[in-house]
Amino acid sequence: MDPEKAKILFEQGAIFLLIDFPEESEFGIDYHSWHTGPKFKGIKMIPPGIHYLYYSSTSKENVSGPRSGFFYHFEAQQIAVTKWDKTLEEIHFESISHDELQRYHCNKENMDSFLGPYPYEKYKQWVSLSSHITKDLVDILKPDVGIIYSLDQFESEASTTQSRQEEAIKNTEQSMEVNACKKHKLPKLKSLQGTNIKYSTILKKKYPDGATPGLISKYSMDSSYVLELVLTERFKGSIEHLLGEIQFAFVCFLIGQNYDSFEQWKKLVHLLCTSSDAILKYPKAYMDFITILHFHIREIPSDFFVNIVTSRNFLTDTLHELFQNFLNDNVDPELKKKGLNFQKHLTKKFNWDFSIEPDEYAPVVVDLQM
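How each quantity is defined
Residues numbered from 1 in each chain as written. Predicted model: local features only at pLDDT ≥ 70, side-chain atom pairs only at ≥ 80, totals over all residues. Heavy atoms only, no water. Helix = DSSP H or I, 4+ residues; strand = E, 2+ residues; numbered from the N terminus. Buried < 20%, exposed > 50% of the residue type's maximum accessible area, 1.4 Å probe, protein only. Contact = heavy atoms within 4.5 Å. Areas by Shrake-Rupley, 256 points an atom, 1.4 Å probe, with all protein chains shown as cover. Pairing = 2+ DSSP bridges. Axes fitted to C-alpha atoms, helices over the stretch in contact; angles between N-to-C directions. Phe/Tyr/Trp six-rings, centres within 6.5 Å; stacked < 30°, edge-to-face > 60°. Salt bridge = Lys/Arg side-chain N within 4 Å of Asp/Glu carboxyl O.

### Quick look at the overall build of the protein
Working step 1: Regarding its fold elements, the protein presents 14 helices and 12 strands.
Working step 2: Put simply, the protein has 370 residues, and 40% of those count as buried.
Working step 3: Within the protein, residue pairs in contact and separated by at least 24 positions form 71% of the contacts whose partners lie at least 6 positions apart.
Working step 4: For the protein, the accessible surface area stands at approximately 21400 Å², while carbon and sulfur atoms represent 52% of it.

So this is what it looks like as structure tokens:
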């Protein structure tokens, strides 16, 4: 990078200061990660806006452990001071006074050699994955603990004198029936409170209470009722926030390695693709949705979506419904053009055939022979 440009970015960009982070551990921001050296104290030149920071310990065999991470909104010229908690193996933000923060600002030049530069070669890629993720949305979706774990966090269920007595009686009864080696049971585990991402709930019931048979039939094929319910109850009617949740879930899966987030991404993509009335109501949002899908599909190998059991592709089946909905005469012409161009692009790049009707929509053949 040009030295003058680097100087400007250093002066205007944010700094993430990380104290006492262990050497040879993985640390990353957005789309790039490093294995840290002895001088590492954080990241400099961070562009203002939302970023995803993550970390994991590394074994002596250089194998990285499960990832933990969090979204954080940086202001221009901000210095965020954090410290590594050796006991919990987590990053904690430090509460510091105004005077102490000013000392950090005055000492920026001396900190420079201990800070890794933000990976600007990956910045456009990050923006394409996070354009609809806002600070407000992160506050809605993030777990209570603030950390997004790649693996579910569990704790042993608390026991009481009565529960231990009941368990002892139960084990005594079982010991009369089973082998002695099977007496010892694993402790009962439950999800650690406050660690779940607060994703939107997609109702399985697709029509309102008291709906007429005609509406039941309509909304069984059109998910617009469920979509509007999510927008109203979670996001005060903002479909842009729902687009942000799609990006949030994808980042948590792709970078945060959280598989539950991939399942949520699939649910939300299917919801938007099957909401035919919503396509007429939100043409601008659906144009953004196509752009989001374009960048997401580019990041994952095409065969990743194939169901091993059925050899069906979740995405081709779901996008088939989206492209069929674009054929409606009332669809915005600009949206229809962008949608059909997207279809052609996918067919050319991945050889996906959207002309074949998915099996679930095929006619049922009834054998009337006795």
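The structure having been displayed, the exposition proceeds.
### Re the sheet that holds strand β5 (residues 49-56)
Working step 1: Strand order in the open sheet formed by five strands is β3-β2-β5-β6-β10, and the pairing between neighbours is antiparallel. Sheet topology places β3 (32-35) and β10 (148-149) at the edges, where each strand pairs with a single neighbour.
Working step 2: Relative to β3, strand β2 (residues 26-29) runs antiparallel, the two sharing four bridges. For F27, the partnering residue across the bridge sits in β3 and is W34.
Working step 3: Here helix α9 (residues 239-254) sits on the sheet and contacts β5, β6 (68-74) and β10; the angle it forms with β6, its principal contact strand, is near 135°.

### Observations regarding the sheet that holds strand β8 (residues 90-93)
Neighbouring strands of a sheet are bound in pairs by backbone hydrogen bonds; such pairs are parallel or else antiparallel.
Working step 1: In spatial order, the strands read β8-β7-β1-β4-β9; together these five strands make up an open sheet with mixed pairing. This sheet does not close on itself; its edge strands, each paired only once, are β8 and β9 (115-117). Put simply, the sheet's adjacent strands are angled 25° from each other on average, direction ignored.
Working step 2: Looking at chain direction, strand β7 (residues 79-85) and β8 are connected through four bridges and run antiparallel. Bridging from a neighbouring strand, T82 pairs with F93 of β8.
Working step 3: Where helix α1 (residues 3-12) meets the sheet, its contacts fall on β1 (14-19) and β4 (42-46), and the angle it forms with β4 comes to roughly 110°.

### As for the packing of aromatic side chains
Aromatic ring pairs are defined here through the distance separating the ring centres and the angle between the ring planes.
Working step 1: All chains considered together, the criterion is met by 31 aromatic pairs.
Working step 2: On the numbers, 6.3 Å between centres and 75° between planes, the contact of F16 with F93 is edge-to-face. Taken as a pair, F16 in strand β1 and F93 in strand β8 lie far apart in primary sequence, 77 residues in all.
Working step 3: Overall, F16 belongs to the buried group, its relative accessible area being 0%.
Working step 4: On the basis of relative accessibility, which here comes to 38%, the residue F93 falls in the partly exposed class.
Working step 5: Plain terms: the ring middles of F323 and F326 are 6.4 Å apart, the flat faces sit at 45° to each other, and that makes the pair tilted.

### Topic: the pattern of salt bridges
Working step 1: Counted according to the given criterion, the structure contains 12 salt bridges.
Working step 2: The residue K205 makes a salt bridge to D209 at a minimum N-O spacing of 2.2 Å.
Working step 3: Note on D209: relative accessible area 68%, which makes it exposed.
Working step 4: Salt bridges sharing partners connect three or more residues here, namely K135, D139 and K142.

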